Amino acid sequence: FRFIGYGFVAIIAVAVLSWLWLKSTAATASDFQDFKRGDIIFQTSTSSQSLAILLASKSRFSHMGIVDVDSNGRMVVLEATSTTRETPLMDWVNRGAGGRIAVYRLPNLSELDAKSIAAAGRIHFGKPYDLFFYSSEDELYCSEFVHLAFKVGAAIDLGEFQKIGTLNLDNF
């Protein structure tokens, strides 16, 4: 029984240290000074399907969106979640696991193209999330939403679509 007690204490200690590390390295408001409209932002979602996405894609991120500026000048993320919508940037970051994010910027993206991308994304606001990852504009999943906004808004093809059979399904 002593071994079980030590194991439990070790698990608790690792959990507490992990939580402290995640909190101390999480994004803060000062991290967002250099964001620009059109940046692509990634996080690890806390949704029920996040683990499956992480395993199948071999990525450390399971959710993404597009950084934009709302009519009041505040940074927001355009995303496909329960519905396609805009979410205040800090709310979006805080909703993710540990506040950890990654941001990518296309080096030659003009301000005009970035505005067109945001407008192309906003056209889809209110559509439901596509839980089954069908190729359709009636319901959208996050990477499909971003891909569609860039393609329609600026004729930029991001990444490539993959069929479910090409993903890492050995984990299931």
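Residues numbered from 1 in each chain as written. Predicted model: local features only at pLDDT ≥ 70, side-chain atom pairs only at ≥ 80, totals over all residues. Heavy atoms only, no water.

A closer look at the pattern of salt bridges
Two side chains that carry opposite charge are able to pair once their charged atoms sit near each other. Tallied over the entire structure, the rule returns nine salt bridges. One salt bridge connects arginine 122 with aspartate 68, and the closest N-O pair in it is separated by 2.8 Å. Residue arginine 122 is located in helix α4 (residues 111-122), and its partner aspartate 68 is located in strand β2 (residues 63-69); the two are separated by 54 residues in the primary sequence. Of the residues examined, aspartate 68 reaches a relative accessible area of 2% and is grouped as buried. The closest approach of N and O atoms between glutamate 86 and arginine 122, which form a salt bridge, is 2.8 Å. With glutamate 86 in strand β4 (residues 84-88) and arginine 122 in helix α4, the pair connects residues that are 36 residues apart, well separated along the chain. Here arginine 122 falls in the partly exposed class, since its relative accessible area comes to 28%. (Salt bridge = Lys/Arg side-chain N within 4 Å of Asp/Glu carboxyl O. Helix = DSSP H or I, 4+ residues; strand = E, 2+ residues; numbered from the N terminus. Buried < 20%, exposed > 50% of the residue type's maximum accessible area, 1.4 Å probe, protein only.)

A closer look at the sheet that holds β2
Sheet architecture is open: five strands sit in the order β4-β3-β2-β1-β5, paired in antiparallel fashion. Edge positions in the sheet fall to β4 and β5 (101-104), since each has one partner strand and no second. Geometrically, the sheet is characterised by an average inter-axis angle of 30° between neighbouring strands, direction not taken into account. The pairing of strand β1 (residues 40-43) with β5 spans four bridges and is classified as antiparallel. Counted as the bridge partner of isoleucine 40 is tyrosine 104 from β5. Against the sheet, α4 contacts β2, β3 (75-80) and β4, and its axis sits at roughly 120° relative to β2. With respect to the sheet, helix α5 (residues 142-154) is in contact with β1, β2, β3 and β4, its orientation differing from that of β2 by roughly 40°. (Pairing = 2+ DSSP bridges. Axes fitted to C-alpha atoms, helices over the stretch in contact; angles between N-to-C directions. Contact = heavy atoms within 4.5 Å.)

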